[in-house]
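The primary structure of each chain is shown beneath.
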Amino acid sequence: MKSLAMLACVVAFSLSLWPFQQHKVGEKLPSTALQGFTASAAQSERDWENRFRAIPSPDNLREYMRLMSSHPHHVGSPWDQKNAEWMLAKFKEWGWDAHIENFDVLFPTPKERHLELLEPTKFIAKLEEPPIPDDPTSNQQAEQLPPYNAYSIDGDVTGPLVYVNYGTRDDYEQLEKFGISVKGAIVIARYGGSWRGIKPKVAAEHGAIGCIIYSDPADDGFAQGDTYPQGSWRNKDAVQRGAVTDTYYAGDPLTPGWGSVPGAKRLDIKDSPLITKIPVLPISYGDAQPLLAAIRGRDVPQHWRGALPITYRIGPGPAKVHLVAKFNWDIQRLYDVIAKLPGADSADQWVIRGNHHDAWVNGASDPLSGMVAVLEEARALGEIYKQGWRPKRTIIYAAWDGEEPGLIGSTEWLETHLDDLQQHAVAYINSDNTTRGYLRVSGSHSLERFLNGVARDIDDPEKRMSVWQRAHSLRIADAGNADARDEVRHRADMRIRALGDGSDYASFLDHAGIAAVDLRFGGEGGEGQYHSIYDDFYWYTHFSDTKFVYGRALAQTAGTAIMRLADAELLPFEFTDQADTIKTYVKELEKLLKTEQDEVKERNQEVDEGVYEAISDPQKPTEVPAHKDLPPFINFAPLENSAEALSEAAKRYDNAVKKVSGNGGAALANASLHELNARLYKTERLFLNEKGLPGRPWFKHQIYAPGAYTGYAVKTMPAVREALEQAKWNEADEGVYTVAKTLNLEAARINEAASELEKVAGGQK
Ligand SMILES: [Zn+2]
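Residues numbered from 1 in each chain as written. Predicted model: local features only at pLDDT ≥ 70, side-chain atom pairs only at ≥ 80, totals over all residues. Heavy atoms only, no water.

**Student:** Can you walk me through the overall build of the protein in this structure?
**Tutor:** Check the secondary structure of the protein and you find 22 helices and 16 strands. Over its C-alpha trace the protein gives a radius of gyration of 26 Å, about what one expects of a compact globule, namely 27 Å for 765 residues. The principal-axis extent of the C-alpha atoms belonging to the protein is close to 80 × 65 × 55 Å. The burial tally for the protein puts 63% of its 765 residues in the buried class. Carbon and sulfur atoms provide 50% of the accessible area of the protein, an area that totals close to 27,600 Å². (Helix = DSSP H or I, 4+ residues; strand = E, 2+ residues; numbered from the N terminus. Rg over C-alpha atoms; globule rule 2.2 N^0.38 Å. Buried < 20%, exposed > 50% of the residue type's maximum accessible area, 1.4 Å probe, protein only. Areas by Shrake-Rupley, 256 points an atom, 1.4 Å probe, with all protein chains shown as cover.)

**Student:** Looking at this structure, how should I read the side chain of Thr435?
**Tutor:** One can find Thr435 in the loop between β12 (425-430) and β13 (437-443). The class of Thr435 is buried, set by a relative accessible area of 2%. Among the polar contacts made by the side chain of Thr435, one reaches the side chain of Ser544 at a distance of 2.7 Å. (Polar contact = N/O pair within 3.5 Å; in protein donor to acceptor, adjacent residues only side chain to side chain.)

**Student:** Can you walk me through the pairing of strand β11 (residues 393-400) in this structure?
**Tutor:** Side-chain positions along a regular strand alternate between the two faces of the sheet. In terms of burial, β11 is a largely internal element, 8 of the 8 residues being buried. Strand direction decides the pairing type here: strand β9 (residues 320-341) and β11, joined by 5 bridges, are antiparallel. Paired with Lys340 across the strands is Ile396, a residue of β11. Summarising the sheet, strand β10 (residues 346-356) and β11 pair through 8 bridges and their orientation is parallel. (Pairing = 2+ DSSP bridges.)

**Student:** How should the packing of aromatic side chains be read in this particular structure?
**Tutor:** How two aromatic rings sit relative to each other is given by the distance of their centres and the angle of their planes. Within this structure, the stated rule accounts for 25 aromatic pairs. Measuring from ring centre to ring centre gives 6.1 Å for Phe107 and Trp360, while their planes differ by 25 degrees; the resulting arrangement is stacked. In this pair, Phe107 is assigned in strand β1 (residues 97-119) and Trp360 in the loop between β10 and α8 (364-386), connecting sequence segments 253 residues apart. Ring centres of Tyr148 and Phe327 lie 6.1 Å apart, and the angle between their planes is 40 degrees; on these two criteria the pair is classed as tilted. Residue Tyr148 is found in the loop between β2 (123-124) and β3 (149-150), and its partner Phe327 is found in strand β9; the two are separated by 179 residues along the sequence. Since its relative accessible area comes to 2%, Phe327 is described here as buried. Every member of this aromatic cluster is reached through a ring pair, and the members are Tyr64, Trp86, Phe91, Trp94, Trp96 and Tyr397. (Phe/Tyr/Trp six-rings, centres within 6.5 Å; stacked < 30°, edge-to-face > 60°.)

**Student:** Looking at this structure, I do not really get helix α9 (residues 408-416). What am I missing?
**Tutor:** Because the α-helix completes a turn every 3.6 residues, residues three or four places apart line up on one side. Across the 9 residues that make up α9, a large majority, 8, are buried. Residues of α9 that are buried: Ile408, Gly409, Ser410, Thr411, Glu412, Trp413, Leu414 and Glu415. The secondary structure elements touched by the buried residues of α9 are β1, β9, β11, α10 (418-424) and α14 (505-511). (Contact = heavy atoms within 4.5 Å.)

**Student:** Mind showing me how you'd approach the nonpolar core here?
**Tutor:** For soluble globular proteins, the rule of thumb is that nonpolar side chains tend to be buried together. Trp96, Leu381, Leu639, Tyr653, Met717 and Leu724 are the most contacted members of the largest nonpolar core, which totals 172 residues. Not counting residues up to four positions away in its chain, the partners in contact with Trp96 are Phe91, Ala339, Lys340, Leu341, Ala378, Leu381, Gly382, Ile395 and Tyr397. In this structure, Ile180, Ala203, Ala288 and Leu291 belong to the second largest nonpolar core, which totals 53 residues. (Core = buried A, V, L, I, M, F, W, Y, C linked by side-chain atoms within 4.5 Å.)

**Student:** Can you help me understand empty space enclosed by the protein in this one?
**Tutor:** It is the rolling of a water-molecule-sized probe over the atoms that shows where space remains empty. In this model, the largest cavity occupies a volume close to 170 Å³. Considering the residues around the largest cavity, the lining is formed by 17 residues, among which Trp195, Thr245, Asp246, Tyr249 and Asp501 are closest to the centre. Here the lining of the largest cavity is composed, by residue class, of 10 nonpolar, 5 polar and 2 charged. (1 Å grid on protein atoms, 1.4 Å probe; cavity = no way out; pocket = protein on both sides within 12 Å on 5 of 7 lines; lining within 4 Å. Points joined across faces, edges and corners; volume = space filled by probe spheres on them. Nonpolar A, V, L, I, M, F, W, Y, C, P; charged D, E, K, R; others polar.)

**Student:** Where do I start with the pattern of salt bridges in this structure?
**Tutor:** Two side chains with opposite charge may pair up if their charged atoms get near one another. Under the defined criterion, the tally for this structure stands at 48 salt bridges. For Arg234, the salt bridge identified is with Asp220, shortest N-O distance 2.9 Å. One end of the pair, Arg234, is in the loop between α6 (217-220) and β7 (242-243); the other, Asp220, is in helix α6, and 14 residues separate them in sequence. Each member of the pair, Arg234 together with Asp220, is buried. Residues participating in the shared-partner salt-bridge network are Glu448, Arg449, Arg456, Glu487, Arg491, Asp493, Arg495, Glu574, Asp577, Asp580, Asp654 and Lys658. (Salt bridge = Lys/Arg side-chain N within 4 Å of Asp/Glu carboxyl O.)

**Student:** When you look at the pairing of strand β5 (residues 186-190) in this model, what are you seeing that I'm missing?
**Tutor:** For β5, the buried fraction is high: 5 of the 5 residues fall into the buried class. Side chains Ile186, Ile188 and Arg190 project from β5 onto one buried face, and the interleaved Val187 and Ala189 project onto a second face that is buried too. Where strand β4 (residues 155-163) and β5 come together, 3 bridges link them in parallel fashion. Following the sheet pairing, Tyr163 is matched in β5 by Ile188. Pairing of β5 with strand β6 (residues 210-214), which is carried by 5 bridges, proceeds in the parallel orientation. Residue pairing across strands places Ile188 opposite Ile212, the latter belonging to β6. Once the chain exits β5 it traverses helix α5 (residues 198-205) before rejoining the sheet at β6, and the crossover so formed is right-handed. (Right-handed = clockwise from strand over helix to strand, strands pointing away.)

**Student:** Looking at this model, I keep getting lost on a negative patch on the surface. Mind explaining?
**Tutor:** Among the surface-exposed residues, Asp170, Glu173, Glu176 and Glu623 lie close enough to one another that they form a single negatively charged patch. Of note, Glu176 is situated in helix α4 (residues 169-177). (Patch = residues over 30% accessible without salt bridge, like charges linked within 9 Å, V, L, I, M, F, W, Y side chains within 5 Å. Lys, Arg positive; Asp, Glu negative; His and termini not counted. Charge placed at Lys NZ, Arg CZ, Asp CG, Glu CD.)

**Student:** When you look at the packing of helix α1 (residues 39-53) against α8 in this model, what are you seeing that I'm missing?
**Tutor:** Helix packing geometry: the angle between the two helix axes and the distance between the axes. At a minimum axis distance of 9 Å, the contact between α1 and α8 shows a crossing angle of 130 degrees. One element, α1, and the other, α8, form an angle in the oblique class. Seen from above, α1 lies across α8 with right-handed handedness. Seen from α1, the contacting residues are Trp48, Arg51 and Phe52; seen from α8, they are Glu377, Ala380, Leu381 and Ile384. (Axes fitted to C-alpha atoms, helices over the stretch in contact; angles between N-to-C directions. Parallel < 35°, antiparallel > 145°, perpendicular 65-115°, else oblique. Left-handed = near helix turned anticlockwise from the far one by under 90°.)

Structure (structure tokens):
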């Protein structure tokens, strides 16, 4: 679901084990020790892992993708079900205990789409993506869903057009400065800058009656490179489909908080807060250009300009458009494939891996590039299982349906099994679209060190070094200043990013407090066909990971992580990186408030000095902003104290781990660690607050959440950060106490775990 193109900054990741290479700055010497394993268990683990990593085959990845992408396979299509049944048979063939779980969910499809420029000239938008002769699946029109935005409300509206750039809240602030209102207008926004669902939401909040979203060639078209089929980038006809639900919760819009199993109760469609307030339609830049060219009025600020050969203007009008978007509001059946390998002695502890299998159309990159890696992992794990490997914990592999319309298959499964999952789930590892390039790791920071360790053991398929080292080198090259470079070079672990909600990890982490990870490769593969009919096998095999060797690397990385989590004697959760990260969030919040105070102070002063009045061009006047109240000081001490307590607990636990790891981990070998392990993986649950975030009770995690006004992008410590950003000072103040409380609980739990481990080290257990 997440567009690689939207991840502007490459966040990659971790240390080379390549034996023949000179060690460079920042590189740690290889260690044969494995976190959480006794010396003898580590040896056996490494042997099995080596066997595992030799199995995944690029030819198989290619063949799975060819087959699964050979027809459109969106929710409710025959090929969606066929793919699920085919995967089910494969899992069984590979020795897994597999079944399909069904959910019945709201999935609207287009009934009527019409977009017409009425004035000052006439133009009817094509709203179609034509077949391309070289591309053999692009002509399957009868099976394709035409371009649309799912969960747009039905509408038939006519009004003047206003160009709103990306349609973020900042863009509307700019419009206000210009004295331009979108009330009663239809806005045209370009993709990017925020999750697409935010655009109609903010437009409606400002009084717009309709919303058009188009792909500007500046962002993923000819300004980036040659367009399809000469190059990988979006051509003038390609359209980005996608859901535009509001951000109150993930999953089926009609079953918030419970599983939409067949026969479940559901909300009336009119009562779902997820459906947009105004009709929305996505278009290509071929269709957008005549509309944009017909807008007059004020020129746009420079950073609002796209790459079309026109003068970008804001309006409103005189361009007047008629927009019709109507849908079949059907309930469709989802097919989640769930497969298990039983654990040998801690079968009640579950390590979970997943990727979605539904697409908007043929979906070679999104989602099959990740899905086929998951399948190849499953085949390889099945293979070594036959050879005698027995994971200590139960492994669950999932192929989710219904991710595209709103992370539905994963969310409904999680909500259906919530109690069991909170009891038994150790961690969830996700992937989605992947391509050539650098390893990108996001996830719970209690797994940061562990993931660094895994990445150090995976060979980059094209360079003689580990995927960690490549990612690490990129971090050095991309660091913005000397301090940042210094940190990258000298911090033992590469930082991983926090998770927003671009894919199926969201409900595991945000709703259930299950430690989650997202893995993918990117930065060197073709982009530009996100959610168009051209994201297909022909495109992928010409412009993306054409040899499927990074797909194999993804299978090796994720599979190794799964094996280690499944086999470790002591689960490899680690808290010093987590505490360090949390301290950076606290500092960011303090800085955010300070910046806001400084900005308001400065603006008020400029108003008093007459600066705004003086610089305003009488022919294009800008409004003088009103005086603003100065943001009050907020007491961050509870956060600082609790972050410090967490840091102390983390150090104590780390020392205890070091103690039990001495002498080849002999102390661990004799200990019963089952309860302690459960305590460890449940530390993530402590970040949940049952009341949830202000205004978004389904989102319970107090450290990570997708932004209410950014969508995909993460807001860390959201209860404080979003309140600060929205000038809700009392809410920010309360947020400080709520988050501090969860940090104190976390610190207490880590201290308990440390004390248990100290007993193990002392031989008392
Ligand atoms: Zn996806």
